[in-house]
Amino acid sequence: MNLKNHFIIAMPTIEDSFFSRSVVYICEHNRDGAMGIIINKPILDLNVETVLSRLEITASKNCAELEHPVFCGGPLAEEQGFILHTPQKGFASSIQISDDVMITTSLDALKSIGSPEQPKDLLLTLGYSSWRSLQLEDEVACNDWLVTKADPQIIFEVAIDDRWQKAAESLGVNINTISHLMGNA
C-alpha cells in the first residue's frame, strides 16, 4: 500500500487534539514510514502576512494570499514551514508529489508571494505529521482513517470547515452519520 498523494481522513473515533476531524495530505509514503500535512487546521490569529512580516519578507499589499490562514501541519517541527502549492518550477527545495501538487520548504517560495513567480494556489503550514514504518498501515487497518486519492480542489479551493466532510464525500461517505462505536468485521 502506497498512500503518497492520498488523503487520510480521521474517523469520528479519533479524539487526539491534532488529528480529530483532520484531513492529512500524504506527501511521502515508503517502507520507512509516511509524512503528511494536515490541510484543515488553521492556526488561530496567524496568517501569511504575519509570517512574511516576521521573516522580513515584503509582498505586494494587494495580494489576496496575505490574508490566507497558516495551518498546523502536524505535531512535529512546528517551527518549520511547508508550502503545498500548484506546480511552479524554480524554488530551491521543492518536491513534485503529483501532477497537481508540490511541496516546498525554501524561503524563495515565500518571497514569490504577490509576484508573477507565485504559484497559482498555495497552502502554508507550520509542522508536519509522521508515521514510522507500518504505523500508518496499522492505523488504517484499525479503522482510524478513511483513505482516498487526494483531490487538489479540496486542498486549495474547498472552504476549510468543509474539507473533512468533502474529503469523505469523495468516497461516497457522509462522515457525520458514521457511528462513534467502531469495530472490525
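Use the structure listed above.
Nothing here was measured: the structure is a model prediction, and the numbers come from that model.

Caption draft 1: Focus on the overall build of the chain. Helices and strands together make up the secondary structure of the chain, namely 5 helices and 10 strands. The C-alpha radius of gyration computed for the chain amounts to 16 Å, which stays within 12% of the reference 16 Å derived for 185 residues, consistent with globular compactness. Buried residues in the chain amount to 47% of all 185 residues. Charge separation in the chain, taken as the distance between the mean sites of 13 positive and 25 negative side-chain charges, equals 3 Å.

Caption draft 2: Here's a closer look at unusual backbone geometry. Although it is not a glycine, N5 sits at a positive phi angle of roughly 65°. The backbone of D45 shows a phi angle near 60°, a positive value even though the residue is not glycine. Inspection of the secondary structure assignment puts D45 in strand β4 (residues 42-47). When its relative accessible area of 80% is taken as the criterion, D45 is described as exposed.

Caption draft 3: Here's a closer look at the state of the cysteines. Summed over the entire model, instances satisfying the criterion amount to 0 disulfides. Unpaired in terms of disulfides, C27 finds its nearest cysteine sulfur in C72, a separation of 14 Å.

Caption draft 4: Layout of the packing of aromatic side chains. Under the defined criterion, the tally for this structure stands at 5 aromatic pairs. For the pair F7 and Y25, a centre-to-centre distance of 6.2 Å together with 70° between the ring planes defines the contact as edge-to-face. Separated by 18 residues along the polypeptide, F7 in strand β1 (residues 6-10) and Y25 in strand β2 (residues 23-30) bring together distant segments of the chain. For F7, a relative accessible area of 0% translates into the label buried. Owing to a relative accessible area of 0%, Y25 belongs among the buried residues under this scheme. Here the aromatic rings of F19 and W131 are separated by 6.0 Å at their centres, their planes lie at 40°, and the arrangement is tilted. Placement of F19 in the loop between β1 and β2 and of W131 in strand β9 (residues 122-132) is noted, with a sequence separation of 112 residues between them. We note that F19, like W131, is buried. Members of the aromatic cluster, each reached through a chain of ring pairs, are F19, W131 and W145.

What counts as what
- Starting afresh in each chain, residues are numbered from 1 along the sequence in its written order.
- Residues qualify for local features only when their pLDDT is at least 70, as the model is predicted, and side-chain atom pairs are given and counted only at 80 or more; totals for whole chains, interfaces and linings, by contrast, use all residues.
- Water and hydrogen atoms were dropped before computing side-chain values, which therefore reflect all heavy atoms in the structure.
- Helix and strand labels come from DSSP, where a helix needs a run of H or I of at least four residues and a strand needs a run of E of at least two; each type is numbered from the N terminus.
- Radius of gyration here is computed from C-alpha atoms only, and the compact-globule reference equals 2.2 Å multiplied by the residue count raised to the power 0.38.
- Throughout this description, buried means an accessible area under 20% of the type-specific maximum (1.4 Å probe, protein chains only), exposed means over 50%, and partly exposed covers the range between.
- Positive charges come from Lys and Arg alone, negative charges from Asp and Glu alone, with His and the N- and C-terminal ends not counted.
- All charge positions are set by atom: Lys at NZ, Arg at CZ, Asp at CG, Glu at CD.
- When two cysteine sulfur atoms lie within 2.5 Å, the pair is treated as a disulfide.
- Any two rings among Phe, Tyr and Trp, with Trp reduced to its six-membered ring, count as a pair given centres within 6.5 Å; such a pair is stacked if its planes are under 30 degrees apart, edge-to-face if over 60, and tilted if neither.

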